[in-house]
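# Residue-level structural notes
Each chain, letter by letter, is given below.
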Amino acid sequence: MNEKTRALIFTSLGHYLNDNFIVLMSILIVYYIVEGVSPAFLAIATAAYSIISGLLSAPIGSVADRKGNYVELMLFGFILIGIANILFAASFVMYSLYFIALGAVFLGSGAAFYHPLGASILQIKYGKEEAPKALGINGSMGSLGRAIFPAILVLLLSSIGKVYGLLTISAYTFILAAVTYLGLRGITFAAPAKGPGSTTAKSSLRKYAFILVPLSVTVFVRSMFITGVTTYVPTYMTHLYRSAIVMGTVLTASYSMAIVGQPYFGRITASLGGRSVLIITTVGATLSFLLFLLIKEFYLQVMFFAVYSFFAYSGFPNLLGYVGQVVDRDALTRANGIIWGVANTVGGAAGVLLGGSLITIIGLGNVMWVFAIIAITSAALLVTLPRLKQPLKAP
């Protein structure tokens, strides 16, 4: 098996594993509330998980750019996630907020590793032209992991209990992490070109500020909209139709559309360019969400939310495919971390916190319209992205 194929197969397995845990905190909240844990504390812990994950991504990318140790760093991230599950299991034995908080810190820290590292491996092995297609295939495996993990987790917690269920998930994490590491170990990554005029990763990154700054701002606002909607729309529709079935319908629609959407948008990012596809997906998500709010008939709402999900969950191949098209190897992983970690993940946490703070003041229905205004703002910010005739070259 050649290195490109190995890189795609085993980074996809890593993406599947990593995205299992995007929904872990939201599911555990249900069990913690039953145990009497304060919802306010759980909201803070969940936001802290996202913020830690986002802020650590860029420094991790900087280390990987300097040392080229992508595979070892990815393994370390998965180990942290496995430890987080052990800490959450301990919280149901000790009934201590300390273990919940520590688990959130370890989970957020571990989640910071995969996206900048996995994207860089594929960008390096596949090159600027082919990488978005590989990222789309890879991203669909992440979406699959996010879609099926809730059923796996709930089944385990219900059948063998919360403690043993989480310990089983921890063992599952370590096993899949080891398989991913062994599959990627030995893949070679040529060192970034260095010469008399070479620069440090930090100074090299400054060269791309004219595109990374407006892109970061746009992605931050876009993620406030998308993550905020994803977090609160099941509650919104359950309240609107007074049916618990709606929540499952909405989640199935949103997660399954991403499995199809990510490879598709990866392919067209390769052919049309990241800027064009970011415009298409952001405008498409905004318009379909507005229709979702305006039309109150149930089946039409589900249809428009599915269309929204198709456009909204295109981030991994589109955003990081875009970064790979405009940023050269010397600053690639750090740039991935800034766009995916700081802009996308922290922006999403900001959207969740904003929505949570406004619900008791203006009501959930009005919060949805606040997210619609944020969506329109993110679409307007697209005009700040510069057009590039060709990728930049490192000095």
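Okay, so let's go over this structure. As the structure is a prediction and not an experimental result, all values here were calculated from the model. (Residues numbered from 1 in each chain as written. Predicted model: local features only at pLDDT ≥ 70, side-chain atom pairs only at ≥ 80, totals over all residues. Heavy atoms only, no water.)

## Some details on the overall build of the protein
For the protein, the count of helices and strands is 15 helices and zero strands. Relative to a compact globule of 395 residues, whose C-alpha radius of gyration would be 21 Å, the protein shows 20 Å and is just as compact. With respect to the principal axes defined by its C-alpha atoms, the protein has extents near 65 × 45 × 35 Å. Sequence separation of 24 or more characterises 85% of the internal contacts of the protein that already satisfy a separation of 6 or more. When the accessible surface of the protein is summed, it comes to about 15900 Å², and 71% of that surface belongs to carbon and sulfur atoms. Averaging the locations of the 24 positively and 10 negatively charged side chains of the protein gives two centres separated by 5 Å. (Helix = DSSP H or I, 4+ residues; strand = E, 2+ residues; numbered from the N terminus. Rg over C-alpha atoms; globule rule 2.2 N^0.38 Å. Contact = heavy atoms within 4.5 Å. Areas by Shrake-Rupley, 256 points an atom, 1.4 Å probe, with all protein chains shown as cover. Lys, Arg positive; Asp, Glu negative; His and termini not counted. Charge placed at Lys NZ, Arg CZ, Asp CG, Glu CD.)

## Describing the nonpolar core
L24, F88, L107 and L166 are the most contacted members of the largest nonpolar core, which has 78 residues in total. In terms of residue count, the dominant contributor to this core is helix α6 (residues 114-160) (13 residues). Those residues in contact with L107 that sit more than four places away from it in its chain are F21, L24, M25, Y49, I81, A84 and F88. Y236, L290, L364 and M368 belong to the second largest nonpolar core, which has 35 residues in total. (Core = buried A, V, L, I, M, F, W, Y, C linked by side-chain atoms within 4.5 Å. Buried < 20%, exposed > 50% of the residue type's maximum accessible area, 1.4 Å probe, protein only.)

## Structural notes on the packing of aromatic side chains
All told, the structure shown has 18 aromatic pairs when counted by the stated rule. Pairing Y232 with F371 gives two aromatic rings, centres 6.4 Å apart and planes at 15 degrees, and the pair type is stacked. Remark: F371 occurs in helix α15 (residues 364-380) and Y232 occurs in helix α9 (residues 209-241); sequence separation between them is 139 residues. Classification of Y232 by relative accessible area gives buried; the value is 12%. Overall, the relative accessible area of 1% leaves F371 in the buried class. Taking the centre distance of 5.0 Å and the plane angle of 35 degrees together, the rings of F305 and Y308 count as tilted. (Phe/Tyr/Trp six-rings, centres within 6.5 Å; stacked < 30°, edge-to-face > 60°.)

## A look at the side chain of N20
Along the chain, N20 falls in helix α1 (residues 3-20). Residue classification places N20 among the buried residues on the basis of a relative accessible area of 0%. Side chain to side chain, N20 and Y172 meet in a polar contact 2.6 Å long. Once you skip the residues sitting within four places of it in the chain, N20 turns out to touch G145, R146, F149 and Y172. (Polar contact = N/O pair within 3.5 Å; in protein donor to acceptor, adjacent residues only side chain to side chain.)

## So, a nonpolar patch on the surface
On the surface, a cluster of nonpolar side chains totalling about 510 Å² of accessible area is made up of I79, I86, I160, Y164, L167 and F174. Of all elements in the fold, only α4 (70-94) and α7 (162-184) reach the threshold of two or more residues within the nonpolar patch. In terms of residues, the nonpolar patch owes the most to one element, α7, which gives three residues. Along the polypeptide, F174 turns up in helix α7. (Patch = residues over 30% accessible without salt bridge, like charges linked within 9 Å, V, L, I, M, F, W, Y side chains within 5 Å. Salt bridge = Lys/Arg side-chain N within 4 Å of Asp/Glu carboxyl O.)

## What about the pattern of salt bridges?
Where charged atoms of side chains with opposite charge meet at close range, the side chains can pair. One pass over the structure, following the stated rule, counts four salt bridges. We note a salt bridge from K125 to E3, for which the minimum N-O separation is 2.8 Å. With K125 in helix α6 and E3 in helix α1, this residue pair connects regions lying 122 residues apart in the sequence. Judged by relative accessible area, which is 23%, E3 ranks as partly exposed.

## Here we look at helix α12 (residues 298-312)
For α12, spanning 15 residues, the distance from its first C-alpha to its last is 20 Å, which sits close to the expected 21 Å at 1.5 Å a residue. The set of residues buried in α12 consists of F298, Q301, V302, F304, F305, A306, Y308, S309, F310, F311 and A312. (Expected span 1.5 Å × (residues − 1).)

## A short note on the packing of α4 against α6
The N-to-C vectors of α4 and α6 enclose an angle of 155 degrees; their axes lie 9 Å apart at closest approach. Considering their axes alone, α4 and α6 lie roughly antiparallel with respect to each other. For the pair α4 and α6, the crossing hand works out as left-handed. For the pair α4 and α6, the contacting residues are Y70, V71, L73, M74 and F78 in the first and Y114, L117, G118, S120, I121 and I124 in the second. Of the residues assigned to the contact of α4 with α6, the class counts are nine nonpolar, two polar and no charged. (Axes fitted to C-alpha atoms, helices over the stretch in contact; angles between N-to-C directions. Parallel < 35°, antiparallel > 145°, perpendicular 65-115°, else oblique. Left-handed = near helix turned anticlockwise from the far one by under 90°. Nonpolar A, V, L, I, M, F, W, Y, C, P; charged D, E, K, R; others polar.)

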